[in-house]
Structure formats: structure tokens, C-alpha cells
Amino acid sequence: MTRASHRPGWPRALLRALARRTRGLHLLRRRSAEAAPAFDLAYIRTGPRGGTPVVVIPGGPGLSVVFPYRSFRRQARERNLDLIMIEHRGIGLSRQATDGTDLPPEAMWVDDVVDDIAAVLAQEKINSAVIVGASYGSYLAAGLGVRHPELVAAMILDSPILSTADHRQERQAVRKLLHPSVPTPTGDAVGTLVARGVDPDDLLFAARTVYEAGGQGLLDRFLDQLVAGRARLTWSVLVGALSREATSSVPLPFINEFDLVGTLAFRELDYGAEPDGEPFDPVLAYAALADRYPSFGGEPFDLRQQLREFTWPTIVMAGHNDLRTVPAVAQEVASLLPEGYLVEFDNGHSALESHPLALLQVITWLRADTARKAAVGAGVLEGLPRRGIAAQLPTLISGLLRVDALLGRILPRGRSGRG
């Protein structure tokens, strides 16, 4: 693979200028790789100093922290949290070397990303912090515990990743819900749609999005209208506007930039895992990008062994409806930790994205040294209002279905079964 020489056009340059005015922004000069040019690692620290700082690591890989988490940082300040969020190397303000070119593939290693976190804490003269990781960010959080355990006061693993073998449990959970052979109304509806020619990969993405957003009830409503040919708008939004967003090779500047960090995703996290040849296989989500990145060479950590050595309290959060980092994985993670507390509650994937107030509540409990309270606090979390863009997905999907139902009374029914 050759090094990219991408230089920003005016949209990225404008966004970069706006991003550099972000409150609490700092830059830390880092070496991208041995014999490679340096780059400025961006991070944001907000909220009052004092108490134990909190480092929150989003998922992806590819999510920027500058614009998407403005609301989260404001909510954290309201709770007097000393919050740090780091712009992952290869993304947004941390995307380019000092010569203005994109960071090279040899700069994309999980160990180096983890060491970036440690370097920020050293720069800020922080001896230890509460480390919070969501989805892919949970793997980085755990990696910090492996490489720099002295920096961890406590930890939250939100929708955690345990190993590159997690896709087997993800595949099992998806097919238990969606496979046409499952003798349930959901399976019957899926079978009908596939028989009509609906692409199983598109159907998997749409159904998973709906299920994670609103559970079985919303999924049944969506599938019923889809079978009846009355979900045209909903389908076009789910499969057109939302589908492939996370796996696109075209970066959405300062929002989701997978193109550079995809190198570590494929090389170390096995994003190109071998499909089993059966329909509704979630590993196919990244299959179209596999030839652009290195093949899998082995993952950096053995968390099944290394989690057993963590000495700090760790809260593991799992959404009942998560079909990406499934609850079975979170349950295993909690069981491996010497002081692990499992919190399962009514949610989809990643509380940071879909229920940020729940995550902030758990952070508050953990900083107050009441991790055990979180373990029995699912009811409290479910009662909190849902805010944030992802948290509005149930409302959005329900609204689209209502519009589709109305249009269905006016327009001829879709003959393909795709809405």
C-alpha cells in the first residue's frame, strides 16, 4: 500500500478551521511511526479540574470527537466532570502529518493508538483516570489497562469487544432473530421478503438498525409494513441514507473517517473475517473494502487472559437489543474481571451513542466509588430521558413508518415487497 498524499479541499479546510476553535482543544506532537513524519494529536479537555478525570473513547474506528460529541461534553460539564476526549490518529484534526499529507498505513497500529491515550494523560499530568470505552473504544480502553495499568483508576466498558472471534456470537444472535428458518413471525416476514428478491445484506442492516433502536415491537411493525409494500420511505432512508455509513471508503470529514484507520481494523481486528456462506452474515458488512487493506495478521491483545489481571472496578454495560457487540460477549467480559459489574438494560448498541445520559449516570456512580450501585441500577438508567442524535432513531423510524402508512393509502402498493 502506498502512502496517501491527500490534501484537504475547501470543505475539510473549513471544518478544520472551525474544529480548531473548539473549547478545550489541545494539540500534542506525536511521531506517527518510526521513520515517518510527526503529527499533532488533538484532544479536548473540558469541565472543572479536581477529582478523578474521565477519559471517554468513542467507537468506530473512524468517529471524530470534535463535532459529534459537543452535546455530550456539555452534559458532562453540567455534572462537573473533568472530561477528556482524544481525536484518534488518522481522523479529523489528527488525520495529517505536519507536512499536510495523510498519515501513512504504517502509523495505524492499535498499540500506538493506546499509547496516544497514555501520552495525553502524561501531557496533562494525570496520574490515573476513569477510562471509558464504547464499542471499538472499549478495546482501546482495555488495551490501556494492559499496556499502562498504572493509569487506570476505574473503567467502563460500554458494548465491549473481547476478541476477533466475537463475530461468531454476533452471527448467532443475528440469525436467531432474523433467519427465515426461525419459526417466528419475524422469520416468516424475512423469508417472504427474501423470496421476493430483497437483498439479505440490505435487509440485515435495516432490520438490525430498527431492532437496536426500538426492539422487537418496532421491528415487527417495520417488517409488517415492508411485506405489505408500505415502507418505501423508511426503506430508502435506512438502506440509502444510513446504510454503509460506517463502512464507506469515502470519509465524512470530522464525523466518520474510516478510510485511514481501516488499516488497523483489517490488519489487527479482522474486519475481513471469513464469511460462512450462509445468509445474514454480519461479517459481510466490510467485505467490499477488504481488497483495499492489509489482511489480518493477528490481534494485539489476548483479553480473555489479560482481563483477569485488572485490579480496578470495571462496569460492563450491555444493551438487551445490541446486535453488534452482543450481550453474551459483555457477560463473558464481566465474568473474566476480578471486580467486574455487569449492567444490562433496555438499549441497543453503545450507550455513548444511543443513551448518553445513562452512560453519564454510570460514570457518576463509578467516580463516587459506588460501582455496586450501577450493577443494580438498570431501572434508573432506563428511566432517564434519551438524548442525542442516535437516541432519536426510534422516533425517526416511527415517524417514517407513519408517513409510509399514510402514503400507502394514497399510492399503489409496492409490488416488490421492498416498501
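Residues numbered from 1 in each chain as written. Predicted model: local features only at pLDDT ≥ 70, side-chain atom pairs only at ≥ 80, totals over all residues. Heavy atoms only, no water.

Participant: How do you make sense of the overall build of the protein chain when you look at a structure like this?
Facilitator: Along the backbone of the protein chain there are 16 helices and 8 strands. Over its C-alpha atoms the protein chain spans a radius of gyration of 21 Å, differing by no more than 12% from the 22 Å that the globule rule assigns to 419 residues. Taking the principal axes of the C-alpha coordinates as reference, the protein chain spans close to 65 × 50 × 40 Å. Counting all 419 residues of the protein chain, 55% fall into the buried class. Here the analysis covers contacts within the protein chain between residues at least 6 apart in sequence; of these, 78% occur between residues at least 24 apart. Accessible area of the protein chain: about 17,300 Å², with a carbon and sulfur share of 52%. (Helix = DSSP H or I, 4+ residues; strand = E, 2+ residues; numbered from the N terminus. Rg over C-alpha atoms; globule rule 2.2 N^0.38 Å. Buried < 20%, exposed > 50% of the residue type's maximum accessible area, 1.4 Å probe, protein only. Contact = heavy atoms within 4.5 Å. Areas by Shrake-Rupley, 256 points an atom, 1.4 Å probe, with all protein chains shown as cover.)

Participant: Can you walk me through the pattern of salt bridges in this structure?
Facilitator: A side chain with one charge may pair with a side chain of the opposite charge, provided their charged atoms come close. One pass over the structure, following the stated rule, counts 18 salt bridges. Note that E257 is salt-bridged to R95, the shortest N-O span being 2.9 Å. You can see E257 sitting in the loop between helix 8 (232-242) and helix 9 (258-269) and its partner R95 sitting in the loop between strand 4 (83-86) and helix 3 (110-123), a full 162 residues away along the chain. For E257, a relative accessible area of 0% puts it in the buried group. A salt bridge links R208 to E170, with the nearest nitrogen and oxygen atoms 3.2 Å apart. You can see R208 sitting in helix 7 (residues 200-227) and its partner E170 sitting in helix 5 (residues 166-178), a full 38 residues away along the chain. Summarising the burial analysis for this pair, R208 and E170 share the class buried. Residues joined by salt bridges that share partners form a network here, namely R12, R95, D102, E257 and D259. (Salt bridge = Lys/Arg side-chain N within 4 Å of Asp/Glu carboxyl O.)

Participant: Before we go on, may I ask you to explain a nonpolar patch on the surface in this structure?
Facilitator: There is a patch of nonpolar side chains on the surface, built from L233, V403, L406, L407, I410 and L411 and spanning about 490 Å² of accessible area. Summarising the element assignment, L411 is placed in the segment after helix 16 (393-410). With a relative accessible area of 40%, L411 lands in the partly exposed category. (Patch = residues over 30% accessible without salt bridge, like charges linked within 9 Å, V, L, I, M, F, W, Y side chains within 5 Å.)

Participant: What is the right way to read the sheet that holds strand 3 (residues 54-57) from this model?
Facilitator: Adjacent strands of a sheet form backbone hydrogen bonds with each other and so pair up, either parallel or antiparallel. With mixed pairing, the 8 strands of this open sheet are ordered in space as 1-2-4-3-5-6-7-8. Single-partner strands in this sheet number two, and they are strand 1 (25-31) and strand 8 (340-345). Across this sheet, the average inter-strand angle for adjacent strands is 20 degrees, counted without regard to direction. The sheet contact formed by strand 3 and strand 4 spans 2 bridges and is parallel. Across the sheet, residue V54 finds its bridge partner in strand 4, namely L83. Strands in contact with helix 13 (residues 356-367) are strand 3, strand 5 (129-134), strand 6 (152-158), strand 7 (314-319) and strand 8; relative to strand 6, the strand with the most contacts, it is inclined by about 155 degrees. (Pairing = 2+ DSSP bridges. Axes fitted to C-alpha atoms, helices over the stretch in contact; angles between N-to-C directions.)

Participant: It is not clear to me how the nonpolar core should be interpreted in this structure. Could you clarify?
Facilitator: The nonpolar side chains of a soluble globular protein tend to be buried with one another. Among the nonpolar cores identified, the biggest contains 60 residues, and V55, I131 and L307 are the most heavily contacted of them. The element best represented in this core is helix 3, accounting for 8 residues. Sequence-distant contacts of V55, that is, excluding residues within four places in its chain, are made with I84, I86, I117, L121, A129, V130, I131 and V132. The next biggest cluster of nonpolar side chains, apart from the first, holds 39 residues, and it includes I44, V66, F254 and L381. (Core = buried A, V, L, I, M, F, W, Y, C linked by side-chain atoms within 4.5 Å.)

Participant: It is not clear to me how the environment of Q75 should be interpreted in this structure. Could you clarify?
Facilitator: Looking at the element boundaries, Q75 is found in helix 2 (residues 70-78). Separated by 281 residues in the primary sequence, Q75 and P356 have C-alpha atoms spaced 8.9 Å apart. When sequence neighbours within four positions are dropped, the list of residues in contact with Q75 reads P356, L357, L360 and R387.

Participant: In this structure, what is going on with the packing of helix 2 against helix 13? I would like to understand it.
Facilitator: In a pair of packed helices, the angle between the axes and the distance between the axes together describe the arrangement. Remark: helix 2 packs on helix 13, axes separated minimally by 11 Å, with the N-to-C direction vectors making an angle of 35 degrees. For helix 2 against helix 13, the interelement crossing comes out right-handed. Contact residues: helix 2 offers F72, Q75 and A76, while helix 13 offers P356, L357, L359 and L360. Here the contact of helix 2 with helix 13 is built from residues that sort into 6 nonpolar, 1 polar and no charged. (Left-handed = near helix turned anticlockwise from the far one by under 90°. Nonpolar A, V, L, I, M, F, W, Y, C, P; charged D, E, K, R; others polar.)

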